[in-house]
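As a plain string of letters, each chain reads:
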Amino acid sequence: MDKTISIARVRQAARDAYDAAKNLSGGANANYIPYLANIDSDLFGLSVTLVDGTSISIGDTSYKFGIESVSKVPTAILAMIQHSPEGVLEKIGADATGLPFNSIFAILLENDHPSTPLVNAGAISACSMIEPKGDSDAKWKAITDNIAALCGSAPELIDELYKSESSTNFNNRAIAWLLKNYSRIYDDVDMSLDLYTRQCSLGITSDQLAVMAATIANGGLNPLTKTRVFDPEIAPKITTLIATVGFYQNTGDWLYTSGIPAKSGVGGGVLGVLPGVLGIAAFAPPLDGAGNSVKAQAAVKAFMQSLGLGIMNGDRVIIQN
């Protein structure tokens, strides 16, 4: 059935969701990456971008925080652009592991695939797939240019975060070499791991992430720049990956209660995609025990519930003035 919602109601829902979440306590900054442990825990922003380009920004939406695991989404898109969705399925896979994002055990259980490009193993493998092969600088340019096209503006590398990540990524080093053992790294191992570490260290704003999410929701057409970033057939593939593993072992609970496919990162960001309707992003550093932002989750859920929206509802949503 058709559901018509005014832009004014969307704005009010965003404001109410922000207000409902801003005073929540609990959680803590990620402490295993020194840079993240020192970010102001009171920062909080909520951004919504509709597929017509309308943008809503509340709070600290221009603060550049570490994109971390949300970076897995644009690099998975880039791998699909360069190698097709079928190529990514063949070389990496599309199954949720049901295990933590950095699980080595998941690779041992399914040694023929890293399972999905939205966990660490699959994301490192995806970085190794990015062309041109063997050229770190050109690969990095492809990764960052793709993110800039999705967001409509460029991210910035946070050097201190990159150094902090590089000095503490022992588990990811083990993952990368285990993937090499199973022939699931498609370029130099150390280069691929470094590219993954660098992309996680990019500074991004919730406004930029909301545009990225809206570009996915809009079938690959950036609603602000009107630039086609990827072919429409990629949109349901990446949205499916987000829906099945965006919150790792808590993804089922998340989708059940929020109704929106979303990807989290330990930098405190959450990106949500409602196909054909909008992109939403929120940021707040304190994380719950599963590594997901307490306030960002609450704000996105409150927004969706206020409007009665959900990917499984079967509604054709029309937003108008």
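Keep in mind that what you see is a predicted model, and the values were worked out from it rather than measured.

J.: Looking at this structure, I do not really get the sheet that holds strand β8 (residues 269-274). What am I missing?
T.: Working definition: the strands of a sheet are paired by backbone hydrogen bonds and lie parallel or antiparallel to each other. Pairing within the open sheet is antiparallel, and its five strands lie in the order β3-β2-β9-β8-β7. Whereas interior strands pair on both sides, the edge strands pair on one side only; in this sheet they are β3 (55-59) and β7 (262-264). Direction aside, the axes of adjacent strands within the sheet are offset by 10° on average. Against the sheet, helix α1 (residues 7-21) engages β2 (45-50) and β3, with an angle of about 20° to β3.

J.: Any chance you could explain unusual backbone geometry here in plain terms?
T.: With the exception of glycine, most residues fall at negative phi, and the peptide bonds are largely trans. Following Glu-131, the chain continues into Pro-132 via a peptide bond in cis, with omega recorded as 5°. As for its position among the elements, Pro-132 is in the loop between α5 (120-129) and α6 (136-151). Within the chain, Ser-183 stands out as a residue other than glycine whose phi angle is a positive 60°. Mapped onto the fold, Ser-183 is located in the loop between α8 (170-181) and α9 (189-200). A positive phi angle, close to 55°, is found at Tyr-248, a residue other than glycine. Along the polypeptide, Tyr-248 turns up in the loop between α11 (234-245) and α12 (251-258). Look at Tyr-248 and you get buried, because its relative accessible area is 7%.

J.: For this particular structure, what's the right way to read the layout of surface pockets?
T.: Over the atoms a probe the size of a water molecule is rolled, and this reveals where empty space is left. Here the second largest pocket is characterised by a volume of approximately 210 Å³. Taken together, Met-80, Pro-85, Glu-86, Val-88, Leu-89, Gly-93, Ala-94, Pro-117, Lys-237, Thr-240, Leu-241 and Thr-244 form the lining of the second largest pocket. Among the secondary structure elements, those contributing two or more residues to the lining of the second largest pocket are α3 (72-91) and α11. Across the lining of the second largest pocket, the residue classes tally to seven nonpolar, three polar and two charged.

J.: How should the packing of α8 against α9 be read in this particular structure?
T.: Packed helix pairs are specified by the crossing angle of their axes together with the interaxial distance, meaning the distance between the axes. Running from N to C, α8 and α9 cross one another at 135°; their axes reach a closest spacing of 10 Å. Accordingly, the angle class assigned to the pair α8 and α9 is oblique. Seen from above, α8 lies across α9 with right-handed handedness. Residues Asn-172, Arg-173, Ala-176, Trp-177 and Lys-180 of α8 lie in contact with α9, whose contacting residues are Val-189, Asp-190, Leu-193 and Tyr-196. Across the contact of α8 with α9, the residue classes tally to five nonpolar, one polar and three charged.

J.: Just to check I follow, could you spell out the nonpolar core for this structure?
T.: One broad rule of soluble globular proteins: the nonpolar side chains tend to lie buried together. Counting residues in each nonpolar core, the largest one holds 69 residues, and the members touching the most others are Ile-77, Ile-124, Leu-209, Phe-230, Ile-238 and Leu-271. For this core, the element with the most residues is α3, which contributes seven residues. With near-sequence residues (within four places) excluded, Ile-77 lies in contact with Leu-150, Ile-216, Phe-230, Ile-234 and Ile-238. Ranked by size, the runner-up nonpolar core spans 33 residues in total, among them Val-48, Ile-260, Ala-299 and Val-317.

Parameters at a glance
Residues numbered from 1 in each chain as written. Predicted model: local features only at pLDDT ≥ 70, side-chain atom pairs only at ≥ 80, totals over all residues. Heavy atoms only, no water. Pairing = 2+ DSSP bridges. Helix = DSSP H or I, 4+ residues; strand = E, 2+ residues; numbered from the N terminus. Axes fitted to C-alpha atoms, helices over the stretch in contact; angles between N-to-C directions. Contact = heavy atoms within 4.5 Å. Buried < 20%, exposed > 50% of the residue type's maximum accessible area, 1.4 Å probe, protein only. 1 Å grid on protein atoms, 1.4 Å probe; cavity = no way out; pocket = protein on both sides within 12 Å on 5 of 7 lines; lining within 4 Å. Points joined across faces, edges and corners; volume = space filled by probe spheres on them. Nonpolar A, V, L, I, M, F, W, Y, C, P; charged D, E, K, R; others polar. Parallel < 35°, antiparallel > 145°, perpendicular 65-115°, else oblique. Left-handed = near helix turned anticlockwise from the far one by under 90°. Core = buried A, V, L, I, M, F, W, Y, C linked by side-chain atoms within 4.5 Å.

Remember, this is a structural readout, not a statement about activity or role.
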